[in-house]
Amino acid sequence: MRKEKITVLPGDGIGPEVTKVATDVLAAVCSRYNVELETTELPFGGISYDEYGEPVTEAVLDECKKNKFVLLGAVGGQKWDDLPTDKRPEAALLKLRKELGVYANLRPIIVWPALADASTLKKDVISGTDILILRELTGGIYFGDRVVSEDGENPFSADTMKYSRSEIHRIARKAFEAARLRDKQVCSVDKANVLESSRMWRKSVIEISEEYPDVELTHMLVDNCAMQLIRNPKQFDVMVTGNLFGDILSDEAAMLTGSIGMLPSASLGDGNGLYEPVHGSAPDIAGQGVANPLAAVASAALLCRYSLNLEEAARDIEAAIQTVLEEGYRTPDLYNDEPGTTKTGTQEIADRLLEIISEKATV
């Protein structure tokens, strides 16, 4: 029996609820492939601040780096919005990404056939959409120099968007490697008509493209890309972009799938992996048993694929998600009174996922 260690950071709001479902499913499917998981659950985000006065402690960071693989719920909430920037839960997330060196954020945008009617967009527009967005995660404006000036009659603040050639090269390589396993198309998104950092971005991506002559490279300005994602999402295969643009575009793309509660993510780099649903902590529904756990569960599937090298386990989880959706199970964020669907809670989804995995194990 192979053993693997994973650090679990449930976080705030609905984080603990969806993360429990993900870890239960992960443990169940891994056991089928003779992998025993040892999980260490630690406080992170707002809950950590409440207990320790810091959104993440050095001890927690050390544990994450030691175990290398991290499954995260969600952090933040209005309770902590007025804290100083370095004490807010979101600061912990940025610090964790930086400490782990996970520079490549992979966000699959898949329209499940059973949810083609859940989006506010027309079914014929979104059906068949399968996009992989690669977002550079440890550089750009979120990690640039910041200035806040209260002097004089006209206070100002500034955030710096900075990218180096090497930062762009490494995320571009990830994009081209991913495209080789898909439809061999990469669309690089920038704002090269205005920003110097984007001109560096475009030039550097072109340099890496020369190493991948079998992959088609196109470029698109970010504002046009935002429009094209809604107009014709199926034109995209692999999209690669910077931290800020990737954050915004991937959240926009979430609505193609019917709910941001359906989007998983994997953040990779230097042998480490950070896996988390794209959605927030949703404190308004925390504890009500109605949170959609499928993005967290799909993130667990990505953990199997990219860190545990268990491709079949990843596919088993994704197949279980598809079955649950085809059977009509819908948490409130997905439910629209469509015939054949039933409004269900978090635990009902969890129970059915585990049943499906168990049924497959006994075949």
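Structural data are supplied above this passage.
Residues numbered from 1 in each chain as written. Predicted model: local features only at pLDDT ≥ 70, side-chain atom pairs only at ≥ 80, totals over all residues. Heavy atoms only, no water.

Asks: Before we move on, can you summarise the pattern of salt bridges with the specific residues and values?
Replies: By the definition in use, this model includes 30 salt bridges. The shortest N-O distance in the salt bridge between arginine 352 and glutamate 355 comes to 3.1 Å. Here glutamate 355 and arginine 352 lie together in helix H12 (residues 346-361), a separation of three residues that amounts to about one turn. Several salt bridges converge on common partners, so that one network encompasses Arg305, Glu311, Glu312, Arg315 and Glu318. (Salt bridge = Lys/Arg side-chain N within 4 Å of Asp/Glu carboxyl O. Helix = DSSP H or I, 4+ residues; strand = E, 2+ residues; numbered from the N terminus.)

Asks: Could you give an account of the environment of aspartate 117, naming the residues involved and the relevant values?
Replies: Within the element layout of this structure, aspartate 117 appears in the loop between strand E4 (104-110) and helix H5 (123-126). Considering only alpha carbons, one finds aspartate 117 and glutamate 136, 19 residues apart in sequence, at a separation of 31 Å. Not counting residues within four places of it along the chain, the set of residues in contact with aspartate 117 comprises Lys123, Asn336 and Glu338. (Contact = heavy atoms within 4.5 Å.)

Asks: Got a sec to walk through the pairing of strand E7 (residues 156-159)? Specific residues and values, please.
Replies: Pairing of strand E6 (residues 146-149) with E7, which is carried by four bridges, proceeds in the antiparallel orientation. Bridging from a neighbouring strand, arginine 146 pairs with aspartate 159 of E7. (Pairing = 2+ DSSP bridges.)

Asks: Let's hear about the side chain of aspartate 316: which residues, and what values?
Replies: Here aspartate 316 shows up in helix H11 (residues 311-326). Of the polar contacts made by the side chain of aspartate 316, one reaches the side chain of arginine 32; its length is 2.6 Å. (Polar contact = N/O pair within 3.5 Å; in protein donor to acceptor, adjacent residues only side chain to side chain.)

Asks: Give a detailed account of the sheet that holds strand E9 (residues 216-221), specifying residues and quantitative values.
Replies: Taking strand neighbours across the sheet as the criterion, the 10 strands line up as E2-E1-E3-E12-E11-E4-E5-E10-E8-E9 in an open arrangement whose pairing is mixed. Both outer strands of the open sheet, strand E2 (35-41) and E9, are each paired with one neighbouring strand and no more. Averaged over all pairs of adjacent strands, the angle between their axes in this sheet comes to 25°, without regard to strand direction. When strand E1 (residues 2-11) meets strand E3 (residues 69-74), the two strands line up parallel, connected through four bridges. The partner of leucine 9 across the bridge, within E3, is leucine 72. (Axes fitted to C-alpha atoms, helices over the stretch in contact; angles between N-to-C directions.)

Asks: An account of the pairing of E1 is requested, with residue identities and associated values reported.
Replies: Along any regular strand, the residues point their side chains to alternate faces of the sheet. With seven of 10 residues buried, E1 lies mostly within the body of the structure. Here E1 pairs with E2 via seven bridges, running parallel. From the neighbouring strand, lysine 3 faces E2, where its bridge partner is glutamate 36. Considered for its hand, the β-α-β crossover made up of E1, helix H1 (residues 15-31) and E2 is right-handed. (Buried < 20%, exposed > 50% of the residue type's maximum accessible area, 1.4 Å probe, protein only. Right-handed = clockwise from strand over helix to strand, strands pointing away.)

Asks: Describe the side chain of serine 267, naming the residues involved and giving the relevant values.
Replies: Inspection of the secondary structure puts serine 267 in strand E11 (residues 266-269). Given the relative accessible area of 0%, serine 267 is considered buried. For serine 267, the side chain forms a polar contact with the side chain of asparagine 105, separated by 3.0 Å. Apart from the residues within four sequence positions on either side, serine 267 is in contact with Val102, Ala104, Asn105, Leu137, Asn272, Gly273 and Leu274.

Asks: Can you tell me about the nonpolar core, naming the residues and giving the values?
Replies: Ranked by size, the top nonpolar core spans 66 residues in total, and within it Cys30, Cys304, Ile321 and Leu353 carry the most contacts. Sorting elements by how many residues they give to this core places helix H10 (residues 294-306) first, with nine residues. (Core = buried A, V, L, I, M, F, W, Y, C linked by side-chain atoms within 4.5 Å.)

Asks: Go over unusual backbone geometry with me, naming the residues and quoting the values.
Replies: Phi is positive for aspartate 270, which is not a glycine, with a value near 55°. With respect to the helices, strands and loops of the structure, aspartate 270 is situated in the loop between E11 and strand E12 (272-275).

Asks: Talk me through the packing of aromatic side chains; I want residue IDs and the actual numbers.
Replies: Counting across every chain of the model gives two aromatic pairs. Their ring planes at 70° and their centres at 5.3 Å tell us that tyrosine 163 and tryptophan 201 sit as a pair that is edge-to-face. Of this pair, tyrosine 163 sits in the loop between E7 and helix H6 (165-180) while tryptophan 201 sits in helix H7 (residues 196-209); the two residues are 38 residues apart in sequence, bridging distant segments of the chain. With 5.2 Å between their ring centres and 15° between their planes, phenylalanine 176 and tyrosine 212 make a pair best called stacked. With phenylalanine 176 in helix H6 and tyrosine 212 in the loop between H7 and E9, the pair connects residues that are 36 residues apart, well separated along the chain. Under the relative-accessibility criterion, phenylalanine 176 is labelled buried at 0%. Relative accessible area serves as the criterion here: at 4%, tyrosine 212 is assigned to the buried category. (Phe/Tyr/Trp six-rings, centres within 6.5 Å; stacked < 30°, edge-to-face > 60°.)

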